[in-house]
Amino acid sequence: MKNQYTDDRLPEGTVTFLFTDIEGSTELLKALGDTYAELLSQQRELLRDIFNRWGGQEVDTQGDSFFISFPRATQAVSAAVEIQKTIHERTWPDDVEVRLRMGLHTGEPLTWTEGYVGMDVHRAARIAHVGHGGQVLLSETTTPLVRDELPDGVSLLNLGRHRLKDMRRPERIHQLVIEGLPSAFPPLKSESTGLPPHNLPLQTTAFVGRALELEVLEGMISDTEVRLITIVGPGGMGKTRIALALAEKQVTIRERTNGRVRARFPNGVFFVSLAPLASPSSIPPAIAEALNIQIVSTEGRSAGSGGEIRSPNKQVLDFLRSKRLMLVMDNFEHLLKGADFLNEIMALAPEVKILVTSREGLNAKAEHLFPLTGMKFPDAE
């Protein structure tokens, strides 16, 4: 519907479109119940105020999404940055975390009585759709218009070319990196790579040696009966590096199942760093962060507040239940009691595989230990 609070005259000629919506809005609705209406009302009021102050015109809004046009690309970027900062800092009902994904594209669409028509509208919407909550994505036409006039503390990150749904040509997409806000996100949900999502850290050096160990681990991962592998060894033995090498390979592997070829882990391969954690209770939130799961806080909620009250542990388990993915849990040795949660994952999510690095075994159900010793020196020849 049209925004009744703004001028109906839309910018014409060269305009910049901004599409935005809340990631995980369905899960928020399930968790918050009637309280979700309050959250949505606050979100709309906040966004409309910022859009108006930066010269944006509301073209359409449906549910938690907005379609806005701006006469200048720099105005659209400034509005997007201010919104992400405000959303991040604001306290929302029941202390939930609200994550907005945004896509910006500049073009010359046709204007008619109901708004805009043309491929530029679809391209802007597609760019927003491939992003993640908290992410602001710019098209290759918008980027050069704002490169030299970015707000303070904002820079650009080149994410490469991506093929967007129903678009003929690939699009080079840049991400706004906003100081003080998260800037590391899973790969874009585009059709360009055909690979499952992952958050594996980039390795700056080549992986050498350990070919035999890697081959044995690959055989274990491919075994349908093996659910949990723990790479065990002293510190400095290279457990994390071999785990990452194995995980990187899993992202690219495709298998034939029931006559269909698909990725071994179509829902992704995710790295969870446990070293900074102080207690086993922090493991589920760490997994949620790696998977970009929206965790709804249960603190202060009562049974009559609307929506089912689920613990963070159960929210993670519910998410994993139907997924076929791989978790790499790095540095587990100081959180051994947390193995109980891994047992729960394996019981409720039959197609999740877990690869652990630790200085000692977890003593978990169905655990397969893989001792890692030092590398052999080559002989004199």
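We now turn to the structure provided with this report. Every chain's residues receive numbers from 1 upward, in the order its sequence appears when written. Per-residue local features are limited, in this predicted model, to residues with pLDDT of at least 70; the limit for side-chain atom pairs, both in listing and counting, is 80 or more; totals at the level of whole chains, interfaces and linings are taken over all residues. Remark: hydrogens and water are excluded; side-chain values derive from all non-hydrogen atoms of the structure.

### Structural notes on the packing of aromatic side chains
When the centres of two rings from Phe, Tyr and Trp lie within 6.5 Å, Trp using its six-membered ring, the rings pair. Their planes under 30 degrees apart give stacked, over 60 give edge-to-face, and anything left gives tilted. Summed over the entire model, instances satisfying the criterion amount to six aromatic pairs. Look at Phe19 and Phe67: their rings are 4.3 Å apart centre to centre, the planes differ by 15°, and that puts the pair in the stacked class. Highlighted residues: Phe19 in strand 1 (residues 15–22) and Phe67 in strand 3 (residues 65–70), separated in sequence by 48 residues. Judged by its relative accessible area of 9%, Phe67 is buried. Ring centres 6.3 Å apart and planes at 70° place the aromatic pair Phe51 and Phe70 in the edge-to-face group. Linking Phe51 in helix 2 (residues 35–53) with Phe70 in strand 3, this pair joins segments that are 19 residues apart in sequence. Assigned by exposure class, Phe51 and Phe70 land together as buried. Only when the NZ of Lys or the CZ of Arg is both within 6 Å of the ring centre and within 35 degrees of the ring normal is a charge said to sit over the ring. Sitting above the plane of the Trp92 ring, Arg90 keeps its charged end 5.1 Å from the centroid. Lying across the ring of Phe319, Lys323 places its NZ or CZ 4.2 Å from the centre. Helix numbers and strand numbers start at the N terminus; a helix is a DSSP run of H or I with at least 4 residues, a strand a run of E with at least 2. The classification of residues rests on relative accessible area computed with a 1.4 Å probe and restricted to protein chains. Under 20% of the type maximum is buried, over 50% is exposed, and intermediate values are partly exposed.

### Brief notes about the sheet that holds strand 16 (residues 367–371)
Spatial ordering of the open sheet is given by 13-14-15-10-16, a layout of five strands whose pairing is parallel. Across the chains shown, the open sheet's two edge strands, defined by having one partner strand only, are strand 13 (269–273) and strand 16. The average angle at which neighbouring strand axes cross in this sheet is 20°, direction not considered. When DSSP finds two or more bridges between two strands, those strands count as paired. Pairing of strand 10 (residues 228–232) with strand 15 (residues 352–358), which is carried by five bridges, proceeds in the parallel orientation. Each bridged residue has a counterpart across the sheet, and for Ile229 the counterpart in strand 15 is Leu355. Seen against the sheet, helix 8 (residues 283–291) touches strand 13 and strand 14 (325–330) and runs at an angle of roughly 135° to strand 13. Between N-to-C directions, angles cover 0 to 180 degrees, with each direction set by a line fitted to C-alpha atoms, over the stretch in contact for helices. Working rule for contacts: check all heavy atoms of both residues, and any pair within 4.5 Å makes them a contact.

### Points about the layout of surface pockets
For each structure, a 1 Å grid was placed over the protein atoms alone; sets of points admitting a 1.4 Å probe that cannot get out are labelled cavities, open sets with protein on both sides within 12 Å along at least five of seven lines are labelled pockets, and lining residues have an atom within 4 Å of a point. Grid points are joined across faces, edges and corners, and a volume is the space filled by probe spheres set on the points. The calculated volume of the largest pocket comes to roughly 1,200 Å³. As for the largest pocket, its lining consists of 45 residues, and the residues nearest its centre are Pro182, Ala184, Phe185, Glu289 and Asn292. Of all the secondary structure elements, the ones that give two or more residues to the lining of the largest pocket are helix 3 (73–89), strand 8 (154–162), strand 13 and helix 8. When residues in the lining of the largest pocket are grouped by element, the largest group, five residues, is from helix 8. Residues are grouped as follows: Ala, Val, Leu, Ile, Met, Phe, Trp, Tyr, Cys and Pro are nonpolar; Asp, Glu, Lys and Arg are charged; every other residue, Gly included, is polar. Here the lining of the largest pocket is built from residues that sort into 26 nonpolar, 15 polar and four charged.

### With respect to the packing of helix 1 (residues 25–32) against helix 2
Where helix 1 meets helix 2, the closest approach of the two axes is 7 Å, and the angle between their N-to-C directions is 135°. Between helix 1 and helix 2, the angle is such that the two are oblique. Taking contact as the criterion, the partners of Ser25, Leu28, Leu29 and Leu32 in helix 1 are, on helix 2, Thr35, Tyr36 and Leu39. For the contact of helix 1 with helix 2, the residue count by class is five nonpolar, two polar and no charged. Should an angle lie under 35 degrees it is considered roughly parallel, over 145 roughly antiparallel, and from 65 to 115 roughly perpendicular; all remaining angles are considered oblique.

### Considering the pattern of salt bridges
Each reported salt bridge corresponds to a side-chain nitrogen of Lys or Arg within 4 Å of a carboxyl oxygen of Asp or Glu. All told, the structure shown has 15 salt bridges when counted by the stated rule. Residue Arg210 is joined to Glu213 by a salt bridge in which the shortest nitrogen-to-oxygen separation is 3.1 Å. The class of Arg210 is buried, set by a relative accessible area of 8%. Here Arg264 makes a salt bridge to Glu218, at a shortest N to O gap of 2.9 Å. Placement of Arg264 in the loop between strand 12 (260–263) and strand 13 and of Glu218 in helix 6 (residues 211–222) is noted, with a sequence separation of 46 residues between them. Looking at Arg264, the relative accessible area reads 7%, which means it is buried. For Glu218, a relative accessible area of 14% puts it in the buried group.

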